Amino acid sequence: MRILEISLFHPELIRGGAQQAAYELFLGMRKSGLDATLLASADLSGPNALFKPGAIITGFDGRENEFLFLSDAFDHAWLRNLNIRALKWFEEFLLDRKPDVVHFHHFLTFGLELFLLARRTLPKAKLFLTLHEFLAICRADGHMLRTFDKTLCTGASPVRCHQCFPDITPEMFRLREDWIKQAFAVFDGFIAPTAFVRDRYAAWGLPPRKIHVISNAQTDYATLDSWRHRPPSPADRSRRHNRFAFFGQLVDVKGLGVVFEALDIFAKRYEEDLTFEINGSNLKFATEKFRTQFDEFVSGKHALPGRIKVSWNGSYAMTDLPSRMARIDWVLVPSIWWEIFGLVLSEAFMFHRPPIASRIGGLAERVRHEKDGLLFDAGDASELADIFYRATTEDGLWERLSAASPGVPSVESVVGAHLKVFTGRAAPAGRRARAA
Amino acid sequence: MDAELAYLKRYPDVAGAIKAGTVTSALEHFLNYGRFEGRVWLGPEGSSAAAEAVAEPPPLEPATVAHNCEAIFVTPGFLFVDGWVDDRFDALAAIEVAANANGPVLALSPCRYRRQDVEQHLGVASPFEGGFWQLFEIPPDLGARPVGLRLRLASGQAIPLGAGNITRLSLREHFEAFLAFYGRRQLIGSVVARCFAELAGGLAGTIERMHEAIRGTYAMTSEGAYGRRPPRPLLSFVCCIYGIPDFLFLQVAQFARYAGLERCEFIYINNSPELEEVLHRDAELAAFLFRTSVRVISLNQNTGFSHANNVGIAEARGQTIVVINPDVFPHSAASFGTLSGLVQKTRHNLVGGKLFYADGTVMHEGMVFVADPRLSALARTTVWTVEHLRKGFPDLGDGATTKVPAISGALMVFDRADYDKLGGFDERFVYGHYEDADLCLRFADNGWKVLYDASLCFWHYEGRGSVKRPEHAGAVHYNRWLFSHTWSASLSRRNAEA
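Here the structure is a predicted model, which means the values were calculated and not measured.

Novice: I'd like to hear about the overall build of chain A, residue by residue, with values.
Specialist: Secondary structure assignment for chain A yields 16 helices and 17 strands. Whereas a compact globule of 436 residues would reach a radius of gyration of roughly 22 Å, chain A reaches 22 Å, a difference of no more than 12%. Along the first, second and third principal axes, the C-alpha set of chain A runs to 65 × 50 × 45 Å. Expressed as a percentage of its 436 residues, the buried residues of chain A come to 46%.

The structure is reproduced here in structure tokens:
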């Protein structure tokens, strides 16, 4: 079986959950002996030196079976590719590679036209799309947050979307939905990383029977020598688990502001000490208000008692995870938007660091409250402050939750689950396949 | 001795005032200041003028009539003037245009409009129409560039209007500027009634001739054919694009959802020159992706709905023509099937469908003509309104075909032979509005049928397919008058018979 994996960006060039999952899956397929090819997009936001005159598809850094799709004319308004050469060369590429399965991971940078072209060019091939986020449903970057007050949106409609974008009429949103569904209609199946995503897309109108839930592929970094051969950590022997950490993008919707507020409450309400480490970057994409708050907390300008320490470790690579995880006890996932999958949960689980997460979206689905982690209402800083106290003081809590950590499914099993879907041997869609 | 010199010699300080620009002459100084200061005017030449001026009793009303000329648009053959005048005490009787002081004069009654800023400026308690305007058609004997422009009051007083606000415009710019003004002016009373009176009073003829002159400048700037064009398309879609390019690609995409388009052709007529390149790009993309024939014919200006569609239909190869708005899309595969079923079966039939808003309610089930009693009373002539049947109502799911007085130009299916015989859409209508109803009435007058097919279901995102510009508001008034003027007697008779 020839498989073409089509990824939004290459994780080597631009970091991101969707491309990481796509790439891990591709590598897993190759490792399993499958004839898989990767076509990852690159656009002008990345290194322009990769663009070659007249080329639409090129190799990538001498890596076998990895190609770049050079996207220079993607239209965000209608999710279209405006370069006809891109369409024609993509068609040629399909005819050249003749895949039996084309597995898209996104339409961003490619254009919805490529879905239609894939179906037309390869009428017998099986086409699949992994639903990594909600951009198809929500024009507001797929966040499903109302643009005017940042409250959570539970469902798109022409009028509701118009409320978020007053300059765009409801009819245009209807047309947007029609166009996306027209392009989505070519797929034999969809893959959702969580049941939450499946349910949202089913409510939006995709046939539920076509949506299969398969966890994202992710290498288990806890198997690295740097973790397995580490010296014993205080987390493993201490009874005071008072070290919390955040991993992820430093943007508003990831909810760091809730943590800051919770620290203030904790300082007034309790006398225990704790540390809070922040691991992440991309502060430039945050609002001015959040950046100011962030600066004040990490610089110490914001007055907190000396028993509460906040520090920022900067960005991190996956290979840094063992050392970053070794010095903390809990992983905070305080998102205030609909997390689809919560890659950081996988990172927490693989290192047996119990997550403390917002009760929202894919987080609420993946964290089993009181079994392998703790949940609190999204945005509720007071409840989070209480959880800080409980986490630092309750005997046996950390040990219990840590021991129950499910880890992450092996990439091999995720590849196997995909193959079952690709070959039509998967269990009826709609049933959750948590461990792939 | 010259009286001026005598005054200056007697009162040396006046020379200083003239030098400083306070006054322009000795006489002006005397009349405005000197006589109140006890100074005297000496000398034989000036004595009478000064004496006359001094002899007149102080006026109870302002010596001058407050006014301002705010715009004069000039283009060969036409002149538009806009301003205001405080004529509460001496009514404005005419606006005059002259080639020169001794040349022929063209005088027209002023058209008036309300100026709240003027009311505020003058401190007027009650609303009044202080604004004036007129659109002149300048006859050749008045000269190519008339220079004299004045207001004539009822008393006979003439008020020259300054030439400082003259703007020379191209004919099209002039037309658009006038229509924008005409569409936005504020009146005391019914706008429709006033428009009908003004248009019937001669303005319509001027607009018509101006429009006719503009039509003489219509030209094609580019033409592109993309995709394989069938020699005899089953369906020729003709669509006019104005202001929003997005719909070309999206409309073809919407059709492609339901059927192969190899035997169709899409012809887009571009009325927005600035969109030319984008439309060619999207035509090429759509033709490639959806395997159909897409043509783009770009025009040099907004030629309006009638002309654009006439151009497109002239280029169409199919016998069955579908005139369609860019924001109209098939409702389902069945709708496309119904449309395909009309191929070669529309001879002597002008067929429209059921149109839906995006929310699923009905937008159109045919049109009827209604005499508006209120507007007719105000205008003292019958004012006709076109109403869409069941607009905004839930769909009843019926599928019958019935005769109706008219159908919307948003979706019209007909045989090109019938269209050719009728001479196409009437290009006298400016931009868009009423030309679809006009075509329906001519169709029916020819003994043919105007049909509403309830199974021909299409979405119509009414009003979203093009942009609105200020000049369109003025054109709507003109088109409404033209339609009523043309069809009033016929519509009264038809409605009575019905």
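Read on for the rest.
Novice: Just give me the short version of the overall build of chain B, but keep the residues and values in it.
Specialist: The number of helices and strands found in chain B is 15 helices and 22 strands. Relative to the globule expectation of 23 Å for 498 residues, the C-alpha radius of gyration of chain B, 31 Å, shows a markedly less compact shape. Seen through its principal axes, chain B has C-alpha atoms that stretch 100 × 50 × 40 Å. Scored against the burial criterion, the 498 residues of chain B give a buried share of 46%. Pairs at least 24 apart in sequence give 78% of the contacts found in chain B among residues at least 6 apart.

Novice: I'd like to hear about the interface of chain B and chain A, residue by residue, with values.
Specialist: A common measure of how large an interface is: the accessible area buried when the components associate. At the interface, 13 residues of chain B touch 17 residues of chain A. For the side of chain B that touches chain A, the secondary structure elements donating two or more residues are α8 (246-256) and α9 (276-290) of chain B. For the side of chain B that touches chain A, the element with the most residues is α9 of chain B, which contributes 5 residues.

Novice: Describe the sheet that holds strand β1 (residues 67-75) of chain B, and please don't skip the residues or the numbers.
Specialist: Residue and element names in this part refer to chain B. In spatial order, the strands read β5-β6-β2-β1-β9; together these 5 strands make up an open sheet with mixed pairing. What marks the edges here is a single partner per strand, and that holds for β5 (111-113) and β9 (166-168). When strand polarity is set aside, the average angle formed by the axes of neighbouring strands in this sheet is 20°. Helix α7 (residues 191-215) rests against β2 (78-85), β5 and β6 (131-137) of the sheet, and its axis sits at about 50° to β6.

Novice: Account for unusual backbone geometry, naming residues and giving values.
Specialist: Residue and element names in this part refer to chain B. Positive phi, close to 60°, is recorded for arginine 380, a residue that is not glycine. By the secondary structure assignment, arginine 380 is in the loop between α12 (373-379) and β19 (384-388). The exposure class assigned to arginine 380 is exposed, which follows from the 11 C-beta atoms found within 10 Å. Of note, histidine 433 is a non-glycine position whose phi angle comes to about 120°, a positive value.

Novice: Help me get a handle on the domain arrangement of chain A, residues and values and all.
Specialist: Residue and element names in this part refer to chain A. We note that the domain assignment places domain 1 (2-132 + 188-218 + 410-433) and domain 2 (221-403) within chain A. A C-alpha centroid distance of 32 Å is found between domain 1 and domain 2. If you look at the interface, domain 1 gives 9 residues, while domain 2 gives 8 residues. With 3 residues, the top contributor of residues to the side of domain 1 that touches domain 2 is helix α6 (residues 195-204). Its residues placed into classes, the side of domain 1 that touches domain 2 shows 4 nonpolar, 5 polar and no charged.

Novice: Which residues make up the nonpolar core, and what values go with them?
Specialist: Counting 264 residues, the largest nonpolar core has Phe190 and Val259 of chain A together with Ile241, Tyr268, Ala286 and Leu350 of chain B as the members making the most contacts within it. Other than its neighbours up to four places away in sequence, alanine 286 of chain B contacts Leu248, Phe249, Val252 and Val294 of chain B. One finds Tyr7, Val14, Ala26 and Trp41 of chain B within the second-largest nonpolar core, a separate group that totals 6 residues.

Novice: Provide a residue-level description of the sheet that holds strand β3 (residues 92-98) of chain B, including the pertinent values.
Specialist: Residues and elements named next belong to chain B. One open sheet holds the 4 strands; their spatial order is β4-β3-β7-β8, and the pairing between them is antiparallel. Every other strand in the sheet has two partners, leaving β4 (105-108) and β8 (158-160) as the edge strands with one partner each. Strand-to-strand twist across the sheet, computed as the mean angle between neighbouring axes with direction ignored, equals 25°. Pairing of β3 with β4 involves 4 bridges; the strand directions are antiparallel.

Novice: Give me the lowdown on α6 of chain A, citing residues and values where you can.
Specialist: Taken residue by residue, α6 of chain A has Phe196, Val197, Arg198, Arg200 and Tyr201 of chain A as its buried positions. Looking at the buried positions of α6 of chain A, the neighbouring elements they touch are β9 (189-192), β10 (211-214) and α13 (361-366) of chain A.

Novice: Report on the pairing of strand β16 (residues 349-356) of chain B, specifying residues and quantitative values.
Specialist: Residue and element names in this part refer to chain B. The buried count for β16 comes to 7 of 8 residues, which makes it a mostly enclosed element. Where β16 and strand β22 (residues 449-460) come together, 8 bridges link them in parallel fashion. When the sheet's bridge partners are listed, leucine 350 is paired in β22 with valine 450. One ladder, built from 2 bridges, connects β16 with strand β17 (residues 362-364); its direction is antiparallel. Residue pairing in the sheet places phenylalanine 356 in a bridge with valine 362 of β17.

Novice: Describe the domain arrangement of chain B, listing the residues and the values that go with them.
Specialist: Each assigned domain of chain B is listed here: domain 1 (3-55), domain 2 (67-215) and domain 3 (220-497). Look at where the C-alpha atoms of domain 1 of chain B and domain 3 of chain B centre, and you get two points 74 Å apart.

Novice: Can you explain the pairing of strand β11 (residues 243-247) of chain A? Please cite residues and give values.
Specialist: Across a regular strand the side chains alternate sides, sitting on one face of the sheet and then on the other. Residues and elements named next belong to chain A. Within β11, 5 of the 5 residues are buried, leaving the element largely enclosed by the surrounding structure. Because side chains alternate across β11, one face comprises the buried residues Arg243, Ala245 and Phe247, and the other comprises Phe244 and Phe246, equally buried. With helix α9 (residues 256-269) bridging β11 and the parallel strand β12 (residues 274-279), this β-α-β connection has right-handed handedness. In terms of strand pairing, β11 meets strand β14 (residues 330-333) through 3 bridges, oriented parallel. Across the sheet, residue alanine 245 finds its bridge partner in β14, namely valine 331.

Novice: Please provide a residue-by-residue account of the environment of alanine 473 of chain B, values included.
Specialist: Tracing the backbone shows alanine 473 of chain B in helix α15 (residues 470-497). Taking C-alpha positions, alanine 473 of chain B is 31 Å from glutamine 254 of chain B, a pair spaced 219 residues apart along the chain.

Novice: Give a description of the packing of helix α2 (residues 84-97) of chain A against helix α3 (residues 113-121) of chain A that names residues and reports values.
Specialist: All names here are of chain A. Two elements in contact, α2 and α3, have axes separated by 10 Å at closest approach and are oriented at 40°. Classified by the interaxial angle, the pair formed by α2 and α3 is oblique. Seen from above, α2 lies across α3 with right-handed handedness. Side by side, α2 and α3 meet where Leu87, Phe90, Glu91, Leu94 and Leu95 of the first sit next to Glu113, Leu114, Leu117, Ala118 and Thr121 of the second. In terms of residue class, the contact of α2 with α3 is built from 7 nonpolar, 1 polar and 2 charged.

Novice: Can you tell me about the confidence of the model for chain B, naming the residues and giving the values?
Specialist: The predicted model of chain B has a mean per-residue pLDDT of 90, with 93% of residues at 70 or higher. Interface confidence in the predicted complex, given as ipTM, is 0.89; pTM for the same model is 0.87.

Novice: Quick one: what's the story with the confidence of the model for chain A, residue by residue and with numbers?
Specialist: Considering every residue of chain A, the mean pLDDT works out to 93; 95% of them sit at 70 or more. In this model residues 431-436 of chain A is a low-confidence stretch, pLDDT under 50, and it forms 15 contacts with partners more than four residues away in sequence or in other chains.

Conventions adopted
- Residues numbered from 1 in each chain as written.
- Chains lettered and ligands numbered in written order.
- Predicted model: local features only at pLDDT ≥ 70, side-chain atom pairs only at ≥ 80, totals over all residues.
- Helix = DSSP H or I, 4+ residues; strand = E, 2+ residues; numbered from the N terminus.
- Rg over C-alpha atoms; globule rule 2.2 N^0.38 Å.
- Buried ≥ 20, exposed ≤ 12 C-beta atoms within 10 Å, placed from the backbone.
- Contact = placed C-beta atoms within 7 Å.
- Pairing = 2+ DSSP bridges.
- Axes fitted to C-alpha atoms, helices over the stretch in contact; angles between N-to-C directions.
- Domains from an automatic or database assignment.
- Nonpolar A, V, L, I, M, F, W, Y, C, P; charged D, E, K, R; others polar.
- Core = buried A, V, L, I, M, F, W, Y, C linked by C-beta atoms within 7 Å.
- Right-handed = clockwise from strand over helix to strand, strands pointing away.
- Parallel < 35°, antiparallel > 145°, perpendicular 65-115°, else oblique.
- Left-handed = near helix turned anticlockwise from the far one by under 90°.
- pLDDT = per-residue confidence, 0-100.

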